[in-house]
Amino acid sequence: MTGMMGFNSGYLAAQTPNGFGFTTDASGKITGMERLLGTDTFDLRLPGNATFAKANNIVTETLTGSYATEVLQYAPDPTNASLYHLSSDTMTIANPSTTNAYGFTRAYSFTIANGAVTGMQSVWGNAGHTYTNSLRQLPTAHLSSSGNTVTETLVQGNVVETLQFVSSGSAGLYALASDARSFVQPGSATTLLSVDPYDRAKFTIDAGGKVSQVQDVRIDGSTVTVTPNAYASFSQLAPGYVLETVSFGTRSSYEVYHDGNGDGIYTGIAHGVGTTVDLVGLQSQLSPAIHAVL
């Protein structure tokens, strides 16, 4: 529905079921929509500018406006045929522009050298006063350039987001053209993907798989060595995967770190209560696009 950009559709383990339901008439036309949270069901109003279609058991909602078109897709739950989860949300700007009807500039610029994008800036103001501010990218973000288009791909939580910027107006300025978010569905996995871009570490692992040193990686890329203590332990789950287990008395929790692109920096990709990790299920949620930025 309108305003759902940014909603994380990951399953909430504490509330079952969690998702959306649809009501159809005798012809199969969707006439109603509900939000399901545990044992509670909330009716949702269907916007006047929304159209619905169902094909191959995928429900597509299209919201058409004068500024942009938003397309939301809902995929069925693997164990409950009447329950759906938001799987993607794509907004496409009708006429990307770096200026509005009042002549106010709201744009982006990029530092590009030899085809590589090394920086991003926001630009705003009017004809007399224009301001530029450097933007810090998430550690799990990647920028690329092709022709007059710059693409940013980033991963956070269970969301893979792709933003496209096109050159428009004054030389060197870009406007946002589209914002597409894909929500990773866990299927039958019991360990859910939840990428924390700023939870990063380096590990020294010997030939036997023992973790002998841990370093936190700060936002600026510098590292600080973690002092071992009696509560936290680290072990290699598999090549490229490290498990941190924290125990206090009878209570335990875990964090899974993963290095997907082989740069030696591991990023937190899952956490939970206890010490049991469904590694196979977690790995099934990782795509090449996610591996590339971890």
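Residues numbered from 1 in each chain as written. Predicted model: local features only at pLDDT ≥ 70, side-chain atom pairs only at ≥ 80, totals over all residues. Heavy atoms only, no water.

A.B. asks: Honestly, the overall build of the protein in this entry has me stumped. Any pointers?
C.D. replies: For the protein, the count of helices and strands is two helices and 21 strands. Seen through its C-alpha atoms, the protein measures out along the principal axes to roughly 60 × 60 × 30 Å. Taking all 294 residues of the protein together, 41% fall into the buried category. (Helix = DSSP H or I, 4+ residues; strand = E, 2+ residues; numbered from the N terminus. Buried < 20%, exposed > 50% of the residue type's maximum accessible area, 1.4 Å probe, protein only.)

A.B. asks: Looking at this structure, I do not really get the sheet that holds strand 17 (residues 223–225). What am I missing?
C.D. replies: One key point about sheets: their strands pair by backbone hydrogen bonds, in either a parallel or an antiparallel sense. If you walk across this open sheet you meet the seven strands as 17-16-15-21-20-19-18, and the pairing is antiparallel. Both edges of this open sheet fall to strand 17 and strand 18 (232–238), since each of them pairs with a single strand only. Adjacent strand axes in the sheet meet at a mean angle of 35° when their direction is disregarded. Note that strand 20 (residues 251–258) and strand 21 (residues 266–273) share six bridges and pair antiparallel. (Pairing = 2+ DSSP bridges. Axes fitted to C-alpha atoms, helices over the stretch in contact; angles between N-to-C directions.)

A.B. asks: For this particular structure, what's the right way to read the nonpolar core?
C.D. replies: Nonpolar side chains in soluble globular proteins tend to be buried together. Membership of the largest hydrophobic core comes to 19 residues, with the highest contact counts inside it found for Leu193, Tyr241, Val256, Ile269 and Ile290. Among the elements of the structure, strand 19 (241–248), strand 20, strand 21, helix 1 (279–283) and helix 2 (288–293) are those that each provide at least two residues to this core. Discounting chain neighbours no more than four positions away, the residues touching Tyr241 are Ser235, Gln236, Val256, Tyr257, His258, Tyr266, Ile269, Leu279, Gln283, Leu286 and His291. Counting 13 residues, the second-largest nonpolar core is a separate cluster that includes Ile30, Leu63, Leu72 and Tyr74. (Core = buried A, V, L, I, M, F, W, Y, C linked by side-chain atoms within 4.5 Å. Contact = heavy atoms within 4.5 Å.)

A.B. asks: Where do I start with the pairing of strand 5 (residues 58–64) in this structure?
C.D. replies: Two faces, one strand: in a regular strand the side chains alternate between the faces of the sheet. Note that strand 4 (residues 50–55) and strand 5 share six bridges and pair antiparallel. Looking at the pairing, Ala53 lines up with Thr60 of strand 5. Adjacent in sequence and paired antiparallel, strand 4 and strand 5 are bridged by two residues, among which Asn56 carries a positive phi angle near 55°. Here strand 5 pairs with strand 6 (residues 68–76) via six bridges, running antiparallel. Note on strand 6: the bridge partner recorded for Glu61 is Leu72. Linkage of strand 5 to strand 6, two consecutive antiparallel strands, is achieved through a turn of three residues.

A.B. asks: Is there a simple way to explain the pairing of strand 1 (residues 18–24) in this structure?
C.D. replies: For strand 1, a buried count of five out of seven residues is recorded, marking the element as mostly surrounded by other parts of the structure. Sheet analysis places strand 1 next to strand 2 (residues 30–37), joined by seven bridges and oriented antiparallel. By the bridge assignment, Gly21 is partnered in strand 2 with Glu34. Taking the residues that link successive antiparallel strands as the turn, the strand 1-strand 2 hairpin has five residues, and the phi of Gly28 there is positive, at about 95°.

A.B. asks: Is there a simple way to think about the pattern of salt bridges in this case?
C.D. replies: Pairing is possible between side chains of opposite charge, provided their charged atoms come close. According to the stated counting rule, one finds two salt bridges in the structure shown. Across the pair Arg181 and Glu161 runs a salt bridge whose closest N-O atoms are separated by 3.1 Å. Residue Arg181 is found in strand 14 (residues 174–183), and its partner Glu161 is found in strand 13 (residues 159–167); the two are separated by 20 residues along the sequence. Assessed through its relative accessible area of 19%, Arg181 is described here as buried. The closest approach of N and O atoms between Arg181 and Asp179, which form a salt bridge, is 3.9 Å. Bridged by salt links that share partners, the residues Glu161, Asp179 and Arg181 form one connected network. (Salt bridge = Lys/Arg side-chain N within 4 Å of Asp/Glu carboxyl O.)

A.B. asks: Whenever I open this one, the confidence of the model for the protein confuses me. Can you help?
C.D. replies: For any part of a model where pLDDT is low, the fine detail of the predicted coordinates should not be relied upon. Residues at a pLDDT of 70 or more form 94% of the protein, whose mean pLDDT is 91. Taken as a whole, residues 1–15 scores under 50 in pLDDT and shows 47 contacts with residues more than four places along the chain or in a different chain. (pLDDT = per-residue confidence, 0-100.)

A.B. asks: Explain the environment of Thr79 here, please?
C.D. replies: Mapped onto the secondary structure, Thr79 falls in the loop between strand 6 and strand 7 (84–93). Judged by relative accessible area, which is 74%, Thr79 ranks as exposed. With 109 residues separating them along the chain, Thr79 and Ser188 place their C-alpha atoms 8.5 Å apart. At 2.8 Å, the side chain of Thr79 and the side chain of Asp77 are in polar contact. (Polar contact = N/O pair within 3.5 Å; in protein donor to acceptor, adjacent residues only side chain to side chain.)

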